[in-house]
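Structural overview
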Amino acid sequence: MCIAARLVLTWIATWAALVVLVLLPLLLPAGWQYYVYSPASVGLWMLSMLGGPFVACFFNWRWIRHG
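Residues numbered from 1 in each chain as written. Predicted model: local features only at pLDDT ≥ 70, side-chain atom pairs only at ≥ 80, totals over all residues. Heavy atoms only, no water.

Looking only at helices and strands, the protein has four helices and zero strands in total. When the elements of the protein are put in sequence order from the N terminus, they spell out α-α-α-α. Its C-alpha atoms give the protein a radius of gyration of 15 Å, more than 25% over the compact-globule value 11 Å for 67 residues. Seen through its C-alpha atoms, the protein measures out along the principal axes to roughly 45 × 20 × 15 Å. Here the protein holds 67 residues, and 18% of them are scored as buried. (Helix = DSSP H or I, 4+ residues; strand = E, 2+ residues; numbered from the N terminus. Rg over C-alpha atoms; globule rule 2.2 N^0.38 Å. Buried < 20%, exposed > 50% of the residue type's maximum accessible area, 1.4 Å probe, protein only.)

Here it is, written out as structure tokens:
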């Protein structure tokens, strides 16, 4: 597997994990969702969608580079 494929795989896995984490509170009662999905938490989630893949690639760089 080439470097670009492992980089894309890391990127997609990070986004998939973040999407699952944002959808997970849907299993909670409806009264809790107001607190979980506050504007601050959604804003932090959006920032993590932008910055999270870079952090994941930084920490997995050895695997991305050498396999």
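Alright, that's what it looks like, and here's the rest.
A cluster of nonpolar side chains, contributed by Met1, Leu9 and Trp63, occupies part of the molecular surface with about 340 Å² of accessible area. Locating Trp63 in the fold gives a position in helix 4 (residues 61-66). Residue Trp63 is classed as partly exposed on the basis of its relative accessible area, which comes to 36%. (Patch = residues over 30% accessible without salt bridge, like charges linked within 9 Å, V, L, I, M, F, W, Y side chains within 5 Å. Areas by Shrake-Rupley, 256 points an atom, 1.4 Å probe, with all protein chains shown as cover. Salt bridge = Lys/Arg side-chain N within 4 Å of Asp/Glu carboxyl O.)

Attention shifts here to the side chain of Thr10. Looking at the secondary structure, you find Thr10 in helix 1 (residues 3-23). Reaching out from Thr10, the side chain makes a polar contact with the backbone oxygen of Arg6 at a distance of 2.9 Å. Those residues in contact with Thr10, other than ones at most four positions away along the chain, are Ala56, Cys57, Asn60, Trp63 and Ile64. (Polar contact = N/O pair within 3.5 Å; in protein donor to acceptor, adjacent residues only side chain to side chain. Contact = heavy atoms within 4.5 Å.)

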